[in-house]
Amino acid sequence: PDVRSLLVASRKAVGILTSQYDPLTGLINRLIFERRVQRCLDQAANRGPYALLYIDVDKLQALNDAFGFKAGDEVIQRIGDVIRRGSAVEAIVSRLGGDRFAVFLSHAPLSRAQEIARRTLLATSQLGYVNGSDSVPVSVTIGIAACDSGGDRFAHLLAAAELACKRAKQQGPNRCAIHDDGNP
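Residues numbered from 1 in each chain as written. Predicted model: local features only at pLDDT ≥ 70, side-chain atom pairs only at ≥ 80, totals over all residues. Heavy atoms only, no water.

Visitor: I tried to follow the packing of aromatic side chains on my own but got confused; where do I start?
Guide: The description of an aromatic ring pair rests on the distance of the ring centres and on the angle between the ring planes. Overall, the coordinates contain three aromatic pairs when judged by the stated rule. Centre to centre, the rings of Phe-33 and Phe-154 are 5.7 Å apart; their planes meet at 75 degrees, and the pair counts as edge-to-face. Here the residue Phe-33 occupies a position in helix H2 (residues 30–43), and Phe-154 occupies one in helix H6 (residues 154–170), the gap between them amounting to 121 residues. The same class applies to Phe-33 and to Phe-154, which are both buried. With a centroid separation of 5.9 Å and an interplanar angle of 15 degrees, the aromatic rings of Tyr-50 and Phe-104 are classed as stacked. In this pair, Tyr-50 sits in strand S1 (residues 50–57) while Phe-104 sits in strand S3 (residues 100–106), placing the two residues 54 residues apart along the sequence. (Phe/Tyr/Trp six-rings, centres within 6.5 Å; stacked < 30°, edge-to-face > 60°. Helix = DSSP H or I, 4+ residues; strand = E, 2+ residues; numbered from the N terminus. Buried < 20%, exposed > 50% of the residue type's maximum accessible area, 1.4 Å probe, protein only.)

Have a look at this one:
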């Protein structure tokens, strides 16, 4: 009976963990990220500034095509580690899904977000993926959205950061762009 109870409890614990965390990177998933960020925005109304970094892995599909999904998963894990280590201690870091990550910084000016983005671009560009004599460069593109006060909605902040990331990608890999309300 004790062993059975332990098995049931461990299965429940595993279920809770897998419903909140990305199994590949150990980062929180998009749903939990959205809830935590929105709670920060709601609780801290008029106490900014805030910034959200939207991070997209460059050319992951080419890596998967050349070396298989295991190689892509390895790169995703390594990039997740770089983002986690390079973010502020109080940052909320998530793997949104696929090849996309996000970092939310509360009480951080735009300059702080830009510094984290710069360090992330540099660190990921030094990763590379090597398979025998073949190698593939690894990089990310980052979009940053900032706001000065709470009360904003998570969806608006994420959409603004994603638009900035798309604008950066149009200029090539390993770049960062800042969302500007006048220039989406």
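Visitor: Honestly, the pattern of salt bridges in this entry has me stumped. Any pointers?
Guide: Side chains that differ in charge, positive against negative, can pair when their charged atoms come close. As enumerated under the stated definition, the model contains eight salt bridges in all. We note a salt bridge from Arg-95 to Asp-22, for which the minimum N-O separation is 3.0 Å. Of the two residues, Arg-95 sits in strand S2 (residues 92–97) while Asp-22 sits in the loop between helix H1 (2–20) and H2, which places them 73 residues apart along the sequence. On the basis of relative accessible area, Arg-95 is assigned to the buried category, the value being 12%. The partner of Arg-78 in a salt bridge is Glu-74, with the nearest N and O atoms 3.6 Å apart. Here the residue Arg-78 and the residue Glu-74 both occupy positions in helix H4 (residues 69–86), the gap between them amounting to four residues, near one helical turn. Its relative accessible area of 33% is what places Glu-74 among the partly exposed residues. (Salt bridge = Lys/Arg side-chain N within 4 Å of Asp/Glu carboxyl O.)

Visitor: I'm lost on the nonpolar core in this one. Help?
Guide: Soluble globular proteins tend to pack their nonpolar side chains together in the buried interior. Residues Leu-53, Ile-55, Ile-79, Phe-101, Val-103, Leu-105 and Ile-142 are the most contacted members of the largest nonpolar core, which totals 29 residues. Only S1, helix H3 (60–67), H4, S3, helix H5 (110–125) and strand S6 (140–147) provide two or more residues apiece to this core. No other element matches the five residues that H4 contributes to this core. By size, the runner-up hydrophobic cluster in this structure holds 20 residues, among which are Leu-96, Ala-102, Cys-147 and Phe-154. (Core = buried A, V, L, I, M, F, W, Y, C linked by side-chain atoms within 4.5 Å.)

Visitor: Any chance you could explain the sheet that holds strand S7 (residues 176–178) here in plain terms?
Guide: Strand pairing in a sheet is mediated by backbone hydrogen bonds. Such pairs are either parallel or antiparallel. Here five strands make up an open sheet; going across it, the order is S2-S3-S1-S6-S7 and the pairing mixed. Either end of the sheet is taken by a strand with one partner, and the two such strands are S2 and S7. Strand-to-strand, the axes of this sheet are offset by a mean angle of 20 degrees, without reference to chain direction. Strand direction decides the pairing type here: S6 and S7, joined by three bridges, are parallel. Opposite Gly-143, over in S7, you have Ala-177 as the bridge partner. H2 rests against S1, S2 and S3 of the sheet, and its axis sits at about 140 degrees to S2. (Pairing = 2+ DSSP bridges. Axes fitted to C-alpha atoms, helices over the stretch in contact; angles between N-to-C directions. Contact = heavy atoms within 4.5 Å.)

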